[in-house]
Amino acid sequence: MTDVKPETIEKLRDVSVATLATALFKRGLRRQVIQDVRPVQPKGRNMVGPAFTLRYIPAREDRNQLSEFRRPDHPQRHAIETCPRGHVLVMDSRRDASMASAGDILITRLMMRGAEGIVTDGGFRDAMCIGALEMPAYHNRPSSPTNLTNNEAIAINEPIGCGDAPVFPGDILVGDDDSVIVIPAHMAEEIADEAVEMTAYEDFAIEQVRNGETIIGLYPATKEQNLDRFKAWRQKNGR
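Starting from 1, residues in each chain are numbered consecutively following that chain's sequence as written. Local features in a predicted model are, by the rule used here, given only for residues with pLDDT of at least 70; side-chain atom pairs are given and counted only at 80 or more, and totals for whole chains, interfaces and linings are based on all residues. Remark: hydrogens and water are excluded; side-chain values derive from all non-hydrogen atoms of the structure.

S.K.: What exactly am I supposed to notice about the overall build of the protein here?
M.R.: The helix and strand inventory of the protein stands at seven helices and 13 strands. For the protein, the C-alpha atoms occupy an extent of roughly 70 × 35 × 30 Å along the three principal directions. Only protein chains enter the accessibility calculation, which uses a 1.4 Å probe; a residue whose area is less than 20% of its type maximum is buried, one above 50% is exposed, and one in between is partly exposed. Among the 239 residues that make up the protein, the fraction classed as buried is 49%. By the convention used here, residues are in contact when the closest approach between their heavy atoms is within 4.5 Å. In the protein, the proportion of contacts linking residues at least 24 apart, taken out of those at least 6 apart, comes to 76%. What sets the accessible areas is the Shrake-Rupley method with a 1.4 Å probe; for residues, cover comes only from the shown protein chains. When the accessible surface of the protein is totalled, it reaches about 12,000 Å², and 51% of it is carbon and sulfur. A residue counts as positive if it is Lys or Arg and as negative if it is Asp or Glu; His and the chain ends are not included. Where a charge lies is defined by one atom per residue type, namely NZ (Lys), CZ (Arg), CG (Asp) and CD (Glu). Here the protein carries 30 positive and 35 negative side-chain charges, and the mean point of each set is 1 Å from the other. Segments assigned H or I by DSSP are reported as helices when at least four residues long, segments assigned E as strands when at least two residues long, and all are numbered from the N terminus.

Structure representation (structure tokens):
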């Protein structure tokens, strides 16, 4: 597992998932955005942290009774109690939102333990309560049935798929008010640096468009004069 520097984490707090998707696309990675997942409640700030994973499999009736929750080592409960501080709990719920991946009590506990956020390609129960929490949470849609209905939590902190995106433990998850993206840990520093530069240019470009400029030659910057203007804009704005 690659350790990602704290300064890299902080850089990723100020860039959009869309910008990161473009940076990864340039490197041939096209399936890093977690599909059909959105914030339970937009927070106006980025969720950024290493992945800690939980995998579900289809439920089998003889194994999935409510008595399972009495086990202290039940993988869902154990994941909540062992997810490291500053990490994002990412759940492979088989893209099935017909039952809940977790509810507000467990997610509140996760928040109180210092987690950065939680992501599932399924649904959450008590979604209104989860949306009111300070910690970011992402899911497909609200879902009230217990996870035991169709899913069995089976494994912690191994490679998973979440919304068709591959997630390895320690990969960096970035979520904004649109969606969530997975950055391979070994690429996080260079992606963060490039995304900061891209974001500065995008801020310059949108300002020019609001002033009536054409996008031709501006976005993308195919005219040298726009790069010169951008350089002057950065100096003026301290960017």
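S.K.: Explain the sheet that holds strand β4 (residues 100-102) here, please?
M.R.: Strands belonging to one sheet form pairs held by backbone hydrogen bonds; the direction of such a pair is parallel or antiparallel. Strands pair, by our definition, only if DSSP identifies at least two bridges between them. Judged by pairing direction, the sheet is parallel, and its three strands sit side by side in the order β4-β6-β8 without closing on themselves. The open sheet has two edge strands, β4 and β8 (141-142), and neither has a second partner. Of the pairings in the sheet, the one linking β4 to strand β6 (residues 123-124) comprises two bridges and is parallel in character. Residue pairing for β6: Ala100 is matched across the bridge by Gly123.

S.K.: Just to check I follow, could you spell out the pattern of salt bridges for this structure?
M.R.: As a working rule, side chains carrying opposite charge can pair if their charged atoms are close by. Every case where a carboxyl oxygen of Asp or Glu lies within 4 Å of a side-chain nitrogen of Lys or Arg is listed as a salt bridge. A full pass over the atoms with the stated rule returns 18 salt bridges. Between Lys5 and Glu189 there is a salt bridge, with the nearest N and O atoms lying 3.5 Å from each other. Here the residue Lys5 occupies a position in the segment before α1 (6-12), and Glu189 occupies one in helix α6 (residues 188-210), the gap between them amounting to 184 residues. The structure contains a network of salt bridges with shared partners spanning Lys26, Arg27, Glu190 and Glu194.

S.K.: Would you mind showing me how to read the packing of aromatic side chains here?
M.R.: The geometry of two aromatic rings is summed up by the distance between their centres and the angle between their planes. Each aromatic pair joins two rings of Phe, Tyr and Trp (for Trp, the six-membered one) with centres within 6.5 Å, and gets the label stacked for planes under 30 degrees apart, edge-to-face for over 60, and tilted for any other angle. Within the structure shown, the criterion is met by five aromatic pairs. An aromatic cluster of at least three residues, connected via ring pairs, comprises Tyr201, Phe204, Phe230 and Trp233.

S.K.: Teacher, can you tell me more about α6 here?
M.R.: An α-helical turn contains 3.6 residues, so any two residues separated by three or four positions project in the same direction. For α6, which comprises 23 residues, the first-to-last C-alpha distance of 32 Å matches the rise-based estimate of 33 Å (1.5 Å per residue) to within 8%. Where α6 is concerned, the buried positions are Ala188, Ile191, Ala192, Glu194, Ala195, Met198, Thr199, Ala200, Tyr201, Phe204, Ala205 and Gln208. Of the surrounding secondary structure, the elements contacted by the buried residues of α6 are α1, α2 (17-26), β12 (172-175), β13 (180-183) and α7 (224-237). Gly212 occupies a position one or two residues after α6 and carries a positive phi of about 100°. Multiplying one less than the number of residues by 1.5 Å gives the expected span of a helix.

S.K.: I'm lost on the packing of α2 against α6 in this one. Help?
M.R.: Packed helices, taken two at a time, are described by their axes: the angle between them and the distance between them. Where α2 contacts α6, the two axes come as close as 9 Å, and the packing angle between them is 125°. What the angle tells us is that α2 and α6 run oblique. Pair α2 / α6 crosses with right-handed handedness. Along its contact with α2, which presents Thr19, Leu20, Thr22, Ala23, Leu24 and Lys26, the element α6 presents Ile191, Glu194, Ala195, Met198, Thr199 and Glu202. Of the residues contributing to the contact of α2 with α6, the split by class is six nonpolar, three polar and three charged. Lines fitted to C-alpha atoms define the axes, with helix axes restricted to the stretch in contact, and inter-axis angles between N-to-C directions lie between 0 and 180 degrees. Orientation labels follow simple angle bins: below 35 degrees gives roughly parallel, above 145 gives roughly antiparallel, 65 to 115 gives roughly perpendicular, and whatever is left gives oblique. Helix crossings get a hand from a simple test, with the near helix turned counterclockwise from the far one by less than a right angle marking a left-handed crossing and a clockwise turn marking a right-handed one. Residues are sorted three ways: Asp, Glu, Lys and Arg are charged, Ala, Val, Leu, Ile, Met, Phe, Trp, Tyr, Cys and Pro are nonpolar, and all the rest, Gly among them, are polar.

S.K.: Explain the side chain of His139 here, please?
M.R.: Counting through the fold element by element, His139 comes out in strand β7 (residues 137-139). Within polar-contact distance, the side chain of His139 engages the backbone nitrogen of Phe124 at 3.1 Å. Beyond its immediate chain neighbours, meaning those up to four positions away, His139 contacts Asp36, Val37, Arg38, Val40, Thr120, Gly122, Gly123, Phe124 and Ala127. Under this definition, polar contacts are N or O atom pairs within 3.5 Å; protein pairs additionally need one hydrogen-donor-capable and one acceptor-capable atom, and for neighbouring residues in sequence, both atoms have to be side-chain atoms.

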